[in-house]
Every structure is written in C-alpha cells, then in structure tokens.
Amino acid sequence: MLNTYFRVIVGFMVLLSVVLTVYVNQNWMWFTVFIGVNLIQSAFTKWCLLESILMKLGIKKEGEAGCNVKN
C-alpha cells in the first residue's frame, strides 16, 4: 500500500511542477529537479522523507496486515 501512495504522490508532484513551469514561471522546473534528485539519493541511501511521513501517518508497507486474523 505504501508503494502505491508513494507513486501517486510523486507522480502528482511531477505533473504539478510541469504545469506550474508552463503556466506560472520557469523556475518551478527546479521543483522537478528536486524530486528527481531525491529519488536518486533514496536509491543509494534507502531513506526517503516521503516514505517516513507516510509511515507516520499510518500507511502500511506491502505485506503488512492491518489486523491479525487467526484461522
């Protein structure tokens, strides 16, 4: 579930920054650059601020059950 939220939020942020670049000011392109650099650094460090925020909000990683159900 965390991966889904992460991809939706990052995708939305990239599209938003492109729209802002086209219609508001070209300096918004730096926001897109920031997103890309953050994705690259997280691949090497295995740490991402957005992931930490989502986990604190209670979003579970894939494979984690919301409750323990015994059969």
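Here, every reference points to the structure presented above.
Residues numbered from 1 in each chain as written. Predicted model: local features only at pLDDT ≥ 70, side-chain atom pairs only at ≥ 80, totals over all residues. Heavy atoms only, no water.

**Here we look at unusual backbone geometry**
Trans peptide bonds make up most of the peptide bonds, and negative phi angles are found at most residues other than glycine. Let me state the cut-off plainly: Partly exposed residues are those whose accessible area sits between 20% and 50% of the maximum for their type, while under 20% is buried and over 50% is exposed, using a 1.4 Å probe and protein chains only.
The phi dihedral of lysine 46 falls on the positive side, at around 60°, and the residue is not glycine. The exposure class assigned to lysine 46 is exposed, which follows from its relative accessible area of 71%.

**Considerations on the nonpolar core**
What counts here: Only buried residues count toward a nonpolar core, which is a set of Ala, Val, Leu, Ile, Met, Phe, Trp, Tyr and Cys residues joined through side-chain atoms within 4.5 Å. Helix and strand assignments come from DSSP, with helices taken as H or I runs of at least 4 residues and strands as E runs of at least 2, each series counted from the N terminus. Throughout, a contact is declared for two residues whenever any of their heavy atoms are within 4.5 Å.
With eight residues, the main nonpolar core is built from Leu2, Phe6, Val10, Ile35, Cys48, Leu50, Leu54 and Ile59. Of all the secondary structure elements, the ones that give two or more residues to this core are helix H1 (2-23) and helix H3 (49-56). Among all residues touching leucine 2, those that are not within four sequence positions of it are Glu51, Leu54, Met55, Ile59, Lys60, Lys61 and Glu62.

**As for the packing of H1 against H3**
Definition in use: Only the stretch in contact is used when a helix axis is fitted, and all axes are lines through C-alpha atoms; the angle between N-to-C directions ranges over 0 to 180 degrees. Our angle categories are set so that under 35 degrees counts as roughly parallel, over 145 as roughly antiparallel, 65 to 115 as roughly perpendicular, and the remainder as oblique. Handedness of a crossing follows from how the near helix is turned relative to the far one, being left-handed for an anticlockwise turn of less than a right angle and right-handed for a clockwise one. Three classes are used, and their members are as follows: Ala, Val, Leu, Ile, Met, Phe, Trp, Tyr, Cys and Pro are nonpolar, Asp, Glu, Lys and Arg are charged, and the others, Gly among them, are polar.
Axis separation between H1 and H3 bottoms out at 10 Å; the angle between their running directions is 125°. The orientation of H1 relative to H3 falls into the category oblique. The element H1 and its partner H3 pack so that their crossing is right-handed. Here Leu2, Tyr5, Phe6, Ile9 and Val10 of H1 come into contact with H3, specifically with Leu50, Glu51, Leu54 and Met55. Across the contact of H1 with H3, the residue classes break down as eight nonpolar, no polar and one charged.

**Some points on the packing of aromatic side chains**
Where we set the bar: Between the rings of Phe, Tyr and Trp (Trp by its six-membered ring), a pair exists once the centres lie within 6.5 Å; its type follows the angle of the planes, with under 30 degrees stacked, over 60 edge-to-face, and the other angles tilted.
Counted under the stated rule, the structure contains one aromatic pair. Between the aromatic rings of tryptophan 28 and phenylalanine 31, the centroid separation amounts to 6.4 Å while the plane-to-plane angle is 80°, which identifies the pairing as edge-to-face. Overall, tryptophan 28 belongs to the partly exposed group, its relative accessible area being 36%. The partly exposed category is assigned to phenylalanine 31, whose relative accessible area is 25%.

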